[in-house]
Amino acid sequence: AAAQGRLHENTLRIGCFASIARARLPKLLSKFRKIHPEIQVDVLVRGYELASELEEENIQLALVDEACGKGFYWTPLTDAPLVAVERLLPQDATRVEVTASDDGAILSMVAGGLGVSVLSAFSLAGYEGQVRVIPLTQPVSRRLGVAVKAPPAANTAARYFLSFLKRQYAGA
């Protein structure tokens, strides 16, 4: 039973938006694993349903925007600028209305010439050169950070990761 408890303590269950998973998480986890190789990391990539996952304790912390983190203990980390993306098409091109919560699906539709969108610059990872990025006339950004249901206890994987993130984004 004690070994099972230690295994649980050394497991970090995090949730994050797909845009964060593509743009920032690989580098962050690589650095974190060098500092804490004993910690197993499980990642759940979802949208706004991460709030439910956090509430039900299926994840220990969530890397999300401020709206998703509302009602939880919130630590702001950085801003993600919003940009417009498009693919140049003839004016008579047929447009298709698509409703999607997956940034990859949205970008694939835009790259396929099916419209325009406004989304986080973090979402563009992997789509460079496939869409044209247009800065917004009035800069707008989403505040990203970490949401936790309760402050993590000392000497836990969640506390180590939260402290690590604060150091990585100090001054951002």
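*Asks:* Would you mind going over the overall build of the chain in detail, with residue names and values included?
*Replies:* What the chain contains, in helices and strands, is seven helices and seven strands. The order of helices and strands in the chain, counted from the N terminus, is α-β-α-α-β-α-β-α-β-α-β-β-β-α. Counting only residues that meet the buried cut, the chain has 40% of its 172 residues in that class. Of the contacts made within the chain by residues no fewer than 6 positions apart, 76% connect residues no fewer than 24 positions apart. When the accessible surface of the chain is split by element, carbon and sulfur atoms take 52% of a total near 9800 Å².

*Asks:* Can you break down the pairing of strand 1 (residues 11–16) residue by residue, with the values?
*Replies:* Within strand 1, six of the six residues are buried, which leaves the element mostly enclosed by the surrounding structure. With burial as the criterion, each face of strand 1 is covered, one bearing Thr11, Arg13 and Gly15 and the other bearing Leu12, Ile14 and Cys16. Two elements, strand 1 and strand 2 (residues 40–45), share six bridges in a ladder whose sense is parallel. What sits directly across from Leu12, in strand 2, is Val41. As paired elements, strand 1 and strand 3 (residues 61–65) share three bridges and run parallel to each other. Looking across to strand 3, one finds that Cys16 is bridged to Leu63.

*Asks:* Describe in detail the pattern of salt bridges, supporting the description with residues and values.
*Replies:* Counting across every chain of the model gives five salt bridges. Within the structure, one salt-bridge network assembled from shared partners comprises Glu55, Glu57 and Lys149.

*Asks:* Run through the environment of Leu50, naming residues and quoting values.
*Replies:* By the element assignment, Leu50 lies in helix 4 (residues 50–55). Take Leu50: its relative accessible area is 0%, and that puts it in the buried class. Along the primary structure Leu50 and Leu61 are separated by 11 residues, whereas in three dimensions their C-alpha atoms are 9.3 Å apart. For Leu50, the contacting residues outside a window of four places in its chain are Gly15, Cys16, Phe17, Leu44, Ile59, Val64 and Cys68.

*Asks:* Please provide a residue-by-residue account of the packing of aromatic side chains, values included.
*Replies:* For the structure shown, the criterion picks out four aromatic pairs. Arranged with centres 4.9 Å apart and planes meeting at 85°, the rings of Phe32 and Phe161 form a pair that is edge-to-face. Pair noted here: Phe32 is in helix 3 (residues 25–35) and Phe161 is in helix 7 (residues 157–168), with a separation of 129 residues, a long-range link. By relative accessible area, which is 0% here, Phe32 ends up buried.

*Asks:* Please provide a residue-by-residue account of the pairing of strand 7 (residues 141–148), values included.
*Replies:* The pairing of strand 3 with strand 7 spans four bridges and is antiparallel. Bridged to Val64 within strand 7 is Gly145. Across eight bridges, the pairing between strand 4 (residues 73–86) and strand 7 is antiparallel. Paired with Asp79 across the two strands is Arg143, which belongs to strand 7.

The rules behind these values
- Residues numbered from 1 in each chain as written.
- Predicted model: local features only at pLDDT ≥ 70, side-chain atom pairs only at ≥ 80, totals over all residues.
- Heavy atoms only, no water.
- Helix = DSSP H or I, 4+ residues; strand = E, 2+ residues; numbered from the N terminus.
- Buried < 20%, exposed > 50% of the residue type's maximum accessible area, 1.4 Å probe, protein only.
- Contact = heavy atoms within 4.5 Å.
- Areas by Shrake-Rupley, 256 points an atom, 1.4 Å probe, with all protein chains shown as cover.
- Pairing = 2+ DSSP bridges.
- Salt bridge = Lys/Arg side-chain N within 4 Å of Asp/Glu carboxyl O.
- Phe/Tyr/Trp six-rings, centres within 6.5 Å; stacked < 30°, edge-to-face > 60°.

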